[in-house]
Every structure is written in C-alpha cells, then in structure tokens.
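Descriptive analysis of the structure
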Amino acid sequence: MRGREAAARARHAAAAIGRATFLAVVAGFFALPMLWLATAPFDAHPTITVSLPEFTLAGFRELLAHPYALRSLGNSVLQAAGSTVLVVVLAALAAYALSRVRVPGRDVLLYLLLLLSSVVTGTAAMVPVFELATRLNLVDTHLGVVLTLSGGLLPAAIFILKDFMDGTPASYEESARVFGASPSQILRHIVVPVIRPGLATIAVWTVASVWGSFLTPFILLRDPDKAPGAVILYTLYTEGGSPRLELISTFSLLYSLPVVLMYVFVSRRYGFRFHGGIKR
Amino acid sequence: MRNEPFGPTTEDHRLKSARTRASGASPINADAAGLGIRRAVGFVVPAVVVVGVFLVFPALWTIYLGVTDFALTGISAADPRTVGVDNYAEALGDERFHASLWLTAQYVAGSAVIGQAGLGFAVAWVLRDRPGPVKRVVEGLILLAWILPSSVVAFLWIALLDRDAGTLNALLHTPGAAWLLDHPMASIIVFNVWRGTAFSMMLYGAALENVPPSHLETARLAGASTFQQIRDVVLPRIRGHVLTNMLLISLWTFNDFTSFQITAGGPEGRSEIVPVYIYDVALRGGRLGFGAAVSFLVLLVNLVAALLYLRTARSRGGVAA
C-alpha cells in the first residue's frame, strides 16, 4: 500500500518536472529571438549576445542618417491609417445595411465574399493585382497598396461587424425613428456608439494586418521613397555588402513597437480573444 | 447620401417595417432604421466596388491570363496570344514546379500541421486549468511572436541562424555552422512554427474548456495515460476544432510568402515553395501568363480548403473569419 502511494507520488513528481521542463524549453524558444531584438539595438557588437552587451546608441544615429529608414515608418503609418479608415467606414456602412435590411441574396453574397477573401490570396493573385495596378496607374502609389489590402480585408470585416450589429437590438433605432431622426442621424448617434467595440476590433485587426504585410507593397512599389517598413527592412539586409546588424536591429525594434504596444493595450483592456485571423 | 427624413422611400419602408413587425418577423430584419432598399444598397455599394475591383476581378482575370503567353516585356507584353492549356501542360511537366510542390507539402506538414498545431495543442494542454504567472508568461511570449511584424521575425531568424554572426552558433558552440545554407527548409519551418503557433494555442485553449474535467479525472482514475486521455476523451470532443484549425493554418501556410524574406527560395531553389516559385517565374522572370496559370492552381487548392472550412464552421454554428 505504502509502496503504491510512493510510486504514485513519484509519478506525480516526474510529471510535474516534465511539464516544467517542457514549458521552460518552449519559453526559451520563444524568448530567445525577442531578447535579441530587445538588446541588439543597444549593443556595439550585436553578433554574440551571450557576452555582456557593450551599450551604444550608434544604431539609432545610423538610423537617423539613413535615407529611407525613418521615412518608411511614416509610409507604414500612412498605409495602415488609410486602409483602416477605408475598411472601417466601408465595412460599417455595408454591415449596417446588410444587418438591418432584408436584401434578396444577402446571405449568399456574404458567404461568397468571405469565401473569396480566403481563396484569393496575395499568392494566388499577385499577377493580376500587379497588372491591374499597372493599368490603373496605381503602381508606386500608396493608394494602390491601400486599395489592394482593403479589398482583401473588407469581406471578413463586414462579416464580423454584421455579427455585432445583429447582436444589438433594433429597438433603439426604432424609437429614434419614431422621434423623427434621419437614417444618417441614427447611424451617427445610435449605431456607431453601440457597435464601438466592433469597430475597434476591426480597426486593430486592420492596422496589424497592414503593418505586417510584405508581398503587396513589395510587388506594387518600386520607389523606395514610398516603401513601408516591411519592404525597407528586407532591402536593408539584401542591399549589397554585409548587412549592418546594429542598424537593422534598431529599425526592427522601432518598427515592432507600435504593434506590440497596441497588443499590450488591447489585451489589457479587453483580454486577448481575437478568434480568427488577426493576421494571416 | 440623401438626408431627408420624410422622403417617399422612407415612408414606404416605415409602412413595410410596421407590417413586418406586426406579422411577428424577427425585429433584427425589420428595417428598423427606415433605411429603405435604395439607401441600403447605397451603403453596400462602396465596399462591393472595392472588393469587386481588387479581389473578385483579379481572381477572374487570373483565369484569363493563365491561358495567354502574356509577358512583362517583348512582343507578348503588347500583344499577348491565347495559348490554351499550354501553360498548364508546361507547369505540370516542369520539374522545378514539382519540386516546389513537394517543398510546399513539407512546409505545410512540418510547420503548420505538426509544428503549429502540435506545439499549440501541447502548450494549451499543459497550461489548461493552471492560471498563474507561468501561464501568462508563456502565452504572452507566444502571442508576442505572433503579433510582431513578420518581416521583423524573418530578420530575427536570419540573425539567429547566421553562419558568422549568428546567436545560435554562439549558444550551441557550433562556430561556422551554416544553418540557412545547409538546412533551408528546416530553417523556414522552425521560423513559421515560431511566428504562427499562437493561433493554434488560442484555438485549442478555447476548445479544451469544453472538455469536462470530470471526464478526464474518470479516465485518469481508470488508469488511462495522458496519451490515452487525449486520444479517447479529448480528441473526440474537439474534432471540429482540430479540423477547423488544420484547414485554416494549412491554407495560410500554403499561401505564405514571408519565408521569401529569409531564404528567397535558395540556395539553389532548395526552399522554393510555390508562392516563391510564382513570384520568381512571373514577376522576376516576366512570364505573367505562365505565373497566372500556376496561381490559378493555387486558387483551386485554396477553394477546396476554404469550402471544407466553411462547411465545418457552419456545422459547428458560426463562421469565424
């Protein structure tokens, strides 16, 4: 009896040790690159991080002097902001109408759009998107990038927002209408405040998606003046000679901060429960 | 957007919505805001135009471009000929395409199906019902890897795996080991596991909440090992989640271009997965028609995966994007 108890206790301890080891290895695997990202920008010799870093801000000085680095962050802001405004406004209008009015074929339309948005990816459509942008004179424009990315994000955004709208009772709108409010007044003063969490979700999701996207700006933009951070980061370590690790790591850190801060804010505020692709 | 509160359309719909209400229809669809069909259509049109031009049209155009010899430069740029199924025949006979399909299969199986789903489930399983700082830290790290811009993640892995300056060599005391050159596929598989495990972890974390702890306890008391508990108690209950997860992460990985930033398909095409192959033949090599044909094949694969996904998602009541 006592022997069996001891064996059970030993098994329990072994399981606990196994769990702890597993979690430590996983944590190490995920933490290592991030530790590098956090320390390399301040390290004079960012080659071997196991040695004590020699503190420097040379990376930041180099970044300021670089012709495209900081500007590309501005481009990322511009493209993310443009796409977010477009996606949030268009998706909100469409979702509102689709939620409140019975349009024939509505569900089929939504279903097809959602299907298409996961089927027509950058990989499957890079040739026609490139061609389209060429013909519409959208190559080398922010607008081309914004429109292409928005086209891909809108279906899912409409779907998510329609869900939010369906979940809010129409009675507020009805009573407002009884008091003579116009549809646009109802939209601005009643619907938008009620579905604000949904709009925030869509906005965060769009910003994160656009901020990280590489393929679309990579094929649509030639002029490095207009390239966003993702593309400049790629060219930083492919443009001839040996890559300047301190410059690239500094840039990586700056480029990551906005989305990381956004993530921290969102998870603090709402808990991180984005089901489905906040990123693809 | 018109703005009159008492226009005929509005009036008309006020009546209609009153009628719908009276007949006891769902209040959600009762046109409560008095939108009117015409205005409602006006609300939908801008989104439909953007999606139509930048998503639907490219998909259809791929089909057409794929049967032409359209090129970036030369005669076929100005005046493309229709070549029928020549592109498809050529692609299906192209050894480089075969190789890229095989590499893509390895990439999807290794990094998504085994890597992301396996590790994601393992973490979710170990951390289930164990709230506390350890759970927060481990989950936080994995989520952070997911939220970082993928270009940054690509660069981080280059820096780690680099032959001369790489941190991994310093840590493992393997000076001069050329991870990227010698093991390009393994490198991008590890990279994709690192950046993509979060989704599976979250999905399985939520799924495991639906497995009653009492069932696991019963199985455990009956002497079932962890493996048996997972196989016999957990998996039957979360089968839908597993299927959904597999379809989504496979679809995303199959279409992922990010690894291009690490190896650009090299060395010597040894990590040239299908997206990189398309980019190289179509946009770098200038054979737009041929690239469109291969893209269309990708589109078909995506379509099958997406249809299967929507079917499983529907049968579980709810379509998450």
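Values in this document were obtained by computation on a predicted structure and should not be read as measured data.

The number of helices and strands found in chain A is twelve helices and zero strands. Across chain A, every contact between residues at least 6 apart in sequence was considered, and the portion connecting residues at least 24 apart equals 76%. Here chain A displays about 12600 Å² of accessible surface, and carbon together with sulfur accounts for 66% of that area.

To continue, consider a nonpolar patch on the surface. Together, L136(A), I37(B), V41(B), V45(B), V49(B) and V53(B) give the surface a local cluster of nonpolar side chains, amounting to about 420 Å² of exposed area. Looking at the secondary structure, you find I37(B) in helix α2 (residues 37-65).

Attention now moves to the side chain of T84(A). All names here are of chain A. One can find T84 in helix α3 (residues 69-100). At 2.6 Å, the side chain of T84 and the backbone oxygen of A80 are in polar contact. Leaving out residues up to four positions away in the same chain, T84 has contacts with A203, T206 and V207.

As a rule of thumb, nonpolar side chains are buried together in soluble globular proteins. Ranked by internal contacts, the top residues of the largest apolar core, which has 188 residues, are F218(A), F251(A) and W194(B). Composition of this core by domain shows at least three residues from each of domain 1 (1-55) and domain 2 (62-270) of chain A. Not counting chain neighbours up to four residues away, the residues in contact with F218(A) comprise V231(A), Y234(A), F257(B), F260(B) and Y279(B).

What follows covers the domain arrangement of chain A. All names here are of chain A. For chain A, the assigned domains read domain 1 (1-55) and domain 2 (62-270). At the interface, six residues of domain 1 touch seven residues of domain 2. Carbon and sulfur atoms make up 80% of the surface buried where domain 1 meets domain 2, a total of about 570 Å² over both sides. Counting the contacts that link domain 1 with domain 2 gives zero salt bridges. Partitioned by chemical class, the residues of the side of domain 1 that touches domain 2 number six nonpolar, no polar and no charged.

UniProt's feature table lists "domain: ABC transmembrane type-1" (unreviewed entry) at residues 102-309 of chain B, given in the numbering used throughout. The span residues 102-309 of chain B carries 78% helix and 0% strand; its end-to-end C-alpha distance comes to 23 Å.

Time to look at the environment of A78(B). In this fold, A78(B) is placed in helix α3 (residues 75-78). In sequence terms A78(B) and L247(B) are 169 residues apart; their C-alpha atoms lie 41 Å from each other.

Here we come to the interface of chain A and chain B. On the side of chain B, 105 residues touch chain A, which itself brings 101 residues to the contact. Buried area between chain A and chain B, summed over both chains or domains, comes out near 9600 Å², and the portion from carbon and sulfur atoms is 77%. Our count for the contact surface shared by chain A and chain B stands at zero salt bridges. Where chain A touches chain B, the interface holds five residue pairs in polar contact (both at pLDDT 80 or more). A breakdown of the residues in the side of chain A that touches chain B according to their chemical character gives 67 nonpolar, 21 polar and 13 charged.

A few words on the pattern of salt bridges. Under the defined criterion, the tally for this structure stands at 16 salt bridges over all chains. For R135(A), the salt bridge identified is with E131(A), shortest N-O distance 3.1 Å. Here E131(A) and R135(A) lie together in helix α5 (residues 122-135), a separation of four residues that amounts to about one turn. Assessed through its relative accessible area of 56%, R135(A) is described here as exposed. Notably, a salt bridge pairs D69(B) with R81(B), separated by 3.4 Å at the nearest N-O pair.

Let us look at the packing of helix α5 (residues 95-127) of chain B against helix α10 (residues 184-208) of chain B. All names here are of chain B. Across the interface, α5 lies against α10 with an axial gap of 6 Å and an inter-helix angle of 40°. On the basis of the axis angle, α5 is oblique to α10. In this structure, α5 meets α10 at a crossing whose hand is right-handed.

Thresholds, definitions, all that
Residues numbered from 1 in each chain as written. Chains lettered and ligands numbered in written order. Predicted model: local features only at pLDDT ≥ 70, side-chain atom pairs only at ≥ 80, totals over all residues. Heavy atoms only, no water. Helix = DSSP H or I, 4+ residues; strand = E, 2+ residues; numbered from the N terminus. Contact = heavy atoms within 4.5 Å. Areas by Shrake-Rupley, 256 points an atom, 1.4 Å probe, with all protein chains shown as cover. Patch = residues over 30% accessible without salt bridge, like charges linked within 9 Å, V, L, I, M, F, W, Y side chains within 5 Å. Salt bridge = Lys/Arg side-chain N within 4 Å of Asp/Glu carboxyl O. Polar contact = N/O pair within 3.5 Å; in protein donor to acceptor, adjacent residues only side chain to side chain. Core = buried A, V, L, I, M, F, W, Y, C linked by side-chain atoms within 4.5 Å. Buried < 20%, exposed > 50% of the residue type's maximum accessible area, 1.4 Å probe, protein only. Domains from an automatic or database assignment. Buried area = accessible area lost by both parts, 1.4 Å probe. Nonpolar A, V, L, I, M, F, W, Y, C, P; charged D, E, K, R; others polar. UniProt positions renumbered as here; feature names shortened; annotations may be inferred. Axes fitted to C-alpha atoms, helices over the stretch in contact; angles between N-to-C directions. Parallel < 35°, antiparallel > 145°, perpendicular 65-115°, else oblique. Left-handed = near helix turned anticlockwise from the far one by under 90°.

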